[in-house]
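Spelled out from the first residue to the last, the chains are:
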There are 2 protein chains.
Amino acid sequence: MDNSHISIKDIARVAEVSHSTVSRALHDNPLISAATRARVQRLAAEMGYIPDAIARSLQTQRTGTIGLAVTSIADPFFSEIVAGIDEVASAQQLSVFVTSSHNDPEREIEVVETFHRQRVDGIIVAASKLGNRYAERLQRIRVPVVLINNHAAEKHDFIYSVSVDNQAGAKLAVQRLLDLGHRRIGYVGLGHQLLSNQHRLEGYQEALAAAGITSDPAWVAVAPPGLTGERDDVEMGRQYFPHVWEAGVSALFCYNDRVAVGALMACHEAGIAVPAECSVVGFDDINLAQYVFPSLTTVHQPRRKMGRLAMQMILELQAGEPCENQTLLPHLVVRESDRARER
Amino acid sequence: MDNSHISIKDIARVAEVSHSTVSRALHDNPLISAATRARVQRLAAEMGYIPDAIARSLQTQRTGTIGLAVTSIADPFFSEIVAGIDEVASAQQLSVFVTSSHNDPEREIEVVETFHRQRVDGIIVAASKLGNRYAERLQRIRVPVVLINNHAAEKHDFIYSVSVDNQAGAKLAVQRLLDLGHRRIGYVGLGHQLLSNQHRLEGYQEALAAAGITSDPAWVAVAPPGLTGERDDVEMGRQYFPHVWEAGVSALFCYNDRVAVGALMACHEAGIAVPAECSVVGFDDINLAQYVFPSLTTVHQPRRKMGRLAMQMILELQAGEPCENQTLLPHLVVRESDRARER
DNA sequence: TCTGGTCATGCACACGTGTGCATACGCGCC
DNA sequence: GGCGCGTATGCACACGTGTGCATGACCAGA
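Just so we're clear, the structure is a prediction, and the values are computed from it rather than from any experiment. (Residues numbered from 1 in each chain as written. Chains lettered and ligands numbered in written order. Predicted model: local features only at pLDDT ≥ 70, side-chain atom pairs only at ≥ 80, totals over all residues. Heavy atoms only, no water.)

Visitor: Hey, could you go over the overall build of chain A for me, with residue numbers and the actual values?
Guide: Looking only at helices and strands, chain A has 12 helices and 12 strands in total. In terms of principal-axis extent, the alpha carbons of chain A reach across some 90 × 40 × 35 Å. Looking at chain A as a whole, 55% of its 343 residues are labelled buried. Partitioning the contacts of chain A with sequence separation of at least 6, the portion at a separation of at least 24 is 69%. Entry remark: accessible area of chain A is about 15,000 Å², with carbon and sulfur atoms responsible for 48%. Taken as two groups, the 33 positive and 40 negative side-chain charges of chain A have centres that lie 4 Å from each other. (Helix = DSSP H or I, 4+ residues; strand = E, 2+ residues; numbered from the N terminus. Buried < 20%, exposed > 50% of the residue type's maximum accessible area, 1.4 Å probe, protein only. Contact = heavy atoms within 4.5 Å. Areas by Shrake-Rupley, 256 points an atom, 1.4 Å probe, with all protein chains shown as cover. Lys, Arg positive; Asp, Glu negative; His and termini not counted. Charge placed at Lys NZ, Arg CZ, Asp CG, Glu CD.)

Visitor: Explain the protein's contact with DNA strand C to me, and be specific about the residues and the numbers.
Guide: The local shell around DNA strand C holds 28 residues, among which T21 and Q59 of chain A together with I8, R24 and Y49 of chain B are the closest. Take the atoms of DNA strand C that sit within 4 Å of the protein: sugar and phosphate atoms are 58% of them. For DNA strand C, a phosphate oxygen lies 2.8 Å from a polar atom in the backbone of I8 of chain B. S23 of chain B places a polar side-chain atom, nitrogen or oxygen, 3.0 Å from a phosphate oxygen of DNA strand C. Contributions of two or more residues to the surface near DNA strand C are made by α2 (19–26) and α4 (53–60) of chain A together with α1 (8–15), α2 (19–26) and α4 (53–60) of chain B. In the surface near DNA strand C, the residues fall into nine nonpolar, 14 polar and five charged. (Near = heavy atom within 4 Å. Polar contact = N/O pair within 3.5 Å; in protein donor to acceptor, adjacent residues only side chain to side chain. Nonpolar A, V, L, I, M, F, W, Y, C, P; charged D, E, K, R; others polar.)

Visitor: So what's going on with the interface of chain B and chain A? Which residues, and what values?
Guide: At the interface, 55 residues of chain B touch 55 residues of chain A. Buried surface at the junction of chain B and chain A, both sides included, amounts to about 5,200 Å², of which 56% is carbon and sulfur. Run the count over chain B and chain A and you get two salt bridges. Between D52 of chain B and R119 of chain A there is a salt bridge; the shortest N-O distance is 3.7 Å. Across the contact surface, chain B and chain A share 17 residue pairs in polar contact (both at pLDDT 80 or more). Secondary-structure elements contributing two or more residues to the side of chain B that touches chain A are α4, α5 (76–91), β2 (95–100), α6 (105–117), α7 (135–141), α10 (230–246) and α11 (257–270) of chain B. Across the side of chain B that touches chain A, the residue classes tally to 22 nonpolar, 20 polar and 13 charged. (Buried area = accessible area lost by both parts, 1.4 Å probe. Salt bridge = Lys/Arg side-chain N within 4 Å of Asp/Glu carboxyl O.)

Visitor: Now, about the pairing of strand β10 (residues 297–300) of chain B: what can you tell me, with residues and values included?
Guide: All names here are of chain B. Bridge analysis of strand β9 (residues 279–284) against β10 gives four bridges, and the strand direction is parallel. Bridging from a neighbouring strand, F283 pairs with V299 of β10. Note that β10 and strand β12 (residues 331–333) share three bridges and pair antiparallel. The residue bridging V299 from the neighbouring strand is L332, located in β12. (Pairing = 2+ DSSP bridges.)

Visitor: I'd love a proper account of the protein's contact with DNA strand D, names of residues and values included.
Guide: With respect to spatial proximity, 27 residues lie near DNA strand D, and among them I8, R24 and Y49 of chain A together with T21 and Q59 of chain B are the closest. Expressed as a percentage, the sugar and phosphate content of the atoms of DNA strand D within 4 Å of the protein is 57%. Within the contact set of DNA strand D, a phosphate oxygen lies 3.0 Å away from a side-chain nitrogen or oxygen of S23 of chain A. Contacts to DNA strand D include Y49 of chain A, whose side-chain N or O atom sits 2.6 Å from a phosphate oxygen. Contributing elements (two or more residues each) for the surface near DNA strand D: α1 (8–15), α2 and α4 of chain A together with α2 and α4 of chain B. Classifying every residue of the surface near DNA strand D gives eight nonpolar, 14 polar and five charged.

Visitor: Report on helix α5 (residues 76–91) of chain A, specifying residues and quantitative values.
Guide: Residue and element names in this part refer to chain A. Here α5 spans 23 Å end to end across 16 residues, near enough to the 22 Å set by a 1.5 Å rise per residue. Judged by how many residues are buried, α5 sits mostly within the fold: 14 of 16 residues are covered. For α5, the N-terminal capping position is held by D75, with its side-chain oxygen 2.8 Å away from the main-chain nitrogen of F77. Just beyond α5, the residue with positive phi is Q93, at close to 65°. (Expected span 1.5 Å × (residues − 1).)

Visitor: Quick rundown of the packing of aromatic side chains? Include the residues and the values.
Guide: The description of an aromatic ring pair uses the distance of the two centres, along with the angle that the planes make with each other. Taken as a whole and judged by the stated rule, the model has 12 aromatic pairs over all chains. Between F97 of chain A and F97 of chain B, the aromatic rings sit 4.1 Å apart at their centres with planes inclined by 20°, giving stacked as the arrangement. With F97 of chain A in strand β2 (residues 95–100) and F97 of chain B in strand β2, this pair bridges two chains. Each member of the pair, F97 of chain A as well as F97 of chain B, is classed as buried. Members of the aromatic cluster, each reached through a chain of ring pairs, are Y187, Y204, F253 and F283 of chain A. Note that R200 of chain A overlies the ring of Y255 of chain A, its terminal NZ or CZ placed 4.6 Å from the centroid. (Phe/Tyr/Trp six-rings, centres within 6.5 Å; stacked < 30°, edge-to-face > 60°. Lys NZ or Arg CZ within 6 Å of the ring centre and 35° of its normal.)

Visitor: Mind laying out the sheet that holds strand β6 (residues 185–189) of chain A, listing which residues take part and the relevant values?
Guide: Across a sheet, strands are paired by hydrogen bonds formed along the backbone, either parallel or antiparallel in direction. Residues and elements named next belong to chain A. On the basis of which strands lie adjacent, the open sheet formed by six strands has the order β7-β6-β8-β9-β10-β12 and mixed pairing. A strand with exactly one partner marks an edge of an open sheet, and here the two such strands are β7 (220–222) and β12 (331–333). In this sheet, adjacent strand axes meet at a mean angle of 20° when their direction is disregarded. (Axes fitted to C-alpha atoms, helices over the stretch in contact; angles between N-to-C directions.)

Visitor: Pulling in residues and values, what's your account of the relation of the copies chain B and chain A?
Guide: The two copies are related by a screw motion: chain B maps onto chain A through a turn of 180° and a shift of 0.0 Å along the axis, at an RMSD of 0.1 Å. Both chain copies can therefore be described as sitting about a two-fold axis. Counting the interface residues of chain B, we find that 100% of their copies in chain A are interface residues as well, pointing to one common contact surface. (Least-squares fit on C-alpha atoms with pLDDT ≥ 70 in both.)

Visitor: Before we move on, can you summarise the sheet that holds strand β7 (residues 220–222) of chain B with the specific residues and values?
Guide: Residue and element names in this part refer to chain B. The six strands are arranged β7-β6-β8-β9-β10-β12 in an open sheet whose pairing can be described as mixed. Looking at the sheet topology across the chains shown, the edges are occupied by β7 and β12. Strand-to-strand twist across the sheet, computed as the mean angle between neighbouring axes with direction ignored, equals 20°.

Visitor: Describe the layout of surface pockets, and please don't skip the residues or the numbers.
Guide: Reported here for the largest pocket is a volume of approximately 1,200 Å³. Around the largest pocket, the lining is made up of 39 residues, and of these Y49, I50, P51 and D52 of chain A together with R119 of chain B lie nearest the centre. Only α1, α2, α3 (34–47) and α4 of chain A together with α4, α6 and α7 of chain B provide two or more residues apiece to the lining of the largest pocket. Of all the elements, α4 of chain A adds the most residues to the lining of the largest pocket, at five residues. (1 Å grid on protein atoms, 1.4 Å probe; cavity = no way out; pocket = protein on both sides within 12 Å on 5 of 7 lines; lining within 4 Å. Points joined across faces, edges and corners; volume = space filled by probe spheres on them.)

What follows is the structure, given as structure tokens:
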């Protein structure tokens, strides 16, 4: 039938009116008489008219698109966040460009530039090491920017953020172990520069201090920086667990669930029973946590909610409404990997 | 400095040339003298010019965007595919719209219409129940379409696909168990209408038949249709494992890894040792498979590769090159959940 | 019949970029 | 000096949609 996309001009020709009339009729503009409005709308439906978002964007200077940059698409941690964002974006008829930056600063700059070229109406960046290196570039786009679990030290007044309170989460985990009667509680962390690492360690230390326990440095193992990725995290937990175990801990708090899973594997290999001989608590509550054996007690991050919230903040900012940074409180999910200290 | 985006007109004003000259200079058009070309390019860089992809798209009728629909973004199975697509798309300077359809036909139509509105240059659909209901709509967009692991029965000549050979994969799994000496081998499947379910069951049956084993219907449990999702799959495996176990099997092949994990949980609860008393083999090789206990022997689907391949097919189709449907052969990953039959 | 007013529609331009065609300039040659 | 030619540039239009303003039609009231 139609060998290409049909435009309002095509409709105008058939309806024997001008394209302006068609445009107005399709927008229910009251200037147009009810009769022609109905006729045009019927014709548009019959001809299978689908508006050209490109042309509309050029005119209205709004694209109805959002740019979403994430360190790794394949990481299940982020995909929950993406799902949350997609959820509210779809409900608002917004399209989302998703791409991953691989934690590579150069790539991150490319991504931002691509978003700029595409004239997105908003940008969400999840867990990048975003520094002030290209804050200026972001500012140039003059578009709402929301960071999720931003780990950069510097804050800029035109950039908003949604994050989880890592310190409070760590305290929750350690407090749980204290409540179970544990006194010698270890921590296995990662060595990267992310603030989350630092905050969780601080939460661990403060919770111990608040309980009147002087923490032994030998209880804490932090892997050297450099490595990153799913496999690496698990491997780190596996490798560094023995260090703290030899220091005589009866319970362990890990930077994240993957490190905890690594610790569980190390326990299994060494014949240490979990939770009978050693309790293990993780952080994040990734899906994996409920399927490993024993299933992992962990601090739940409301990832989907964070995604939704970030997207909602973009909408508010677009509407010119005032907006505040959000810090969410995580909660504890108790499963099978922790138990009261015996005797 | 600049309170808005700067255009080639702005550059033209400063350089005291026409916007056409700027446009040509930036494209290294030989019509422009070397002197002005250099001057314009320097100016563009200084002023921080970033071309407007929207305006360019309107003119060139190419957007440089791809629409990607996936049943569930949060599902780690798909996120690997998305990562593969993103990998080659980014390398080609293409932007990808990602959205999820939740296996809802109505939502799928919305998604396709949105892609049409955005005038994407290609569409990739991962694992939808895509029927001929909107094949016509797809055709109207007149854009390359590639389906990944398409489970719909009908094929259309203008729609291409990348998929894994489910039957061959199932045979691989069952053959492995046969090689280990097992004779009574069960299957736990799902009840949805997807072809993959049917094909894996057929592969299972054919492998048994080829080994001269008359399969007992009691060895096969297929959950009723209706449910879907990550949790449900695991729950199905957990619930239906006892059925086949009571039929006296010594080994089990599962529709996918999640079902297999459910079976592992059921074994653990019932005190059945894996793999000593019962071998379990899954399908997909999701990340979870390597972290459960015991780690799962399974059929690996090259998900990232499938994503890359699909995107490359889009590129070839855009270039007008001929293109063939791809069927990939999966391979077996042996871990700890299977063992030779005792005695 | 003329005037003033309301209502429906079209004209023309805008958004930012790309491009066919005309044009202006410079230069060499007869 | 005029002609022809090649080179560099600008004009004008196109892409599809939205919108301010002018215009035309129609009608009521004086």
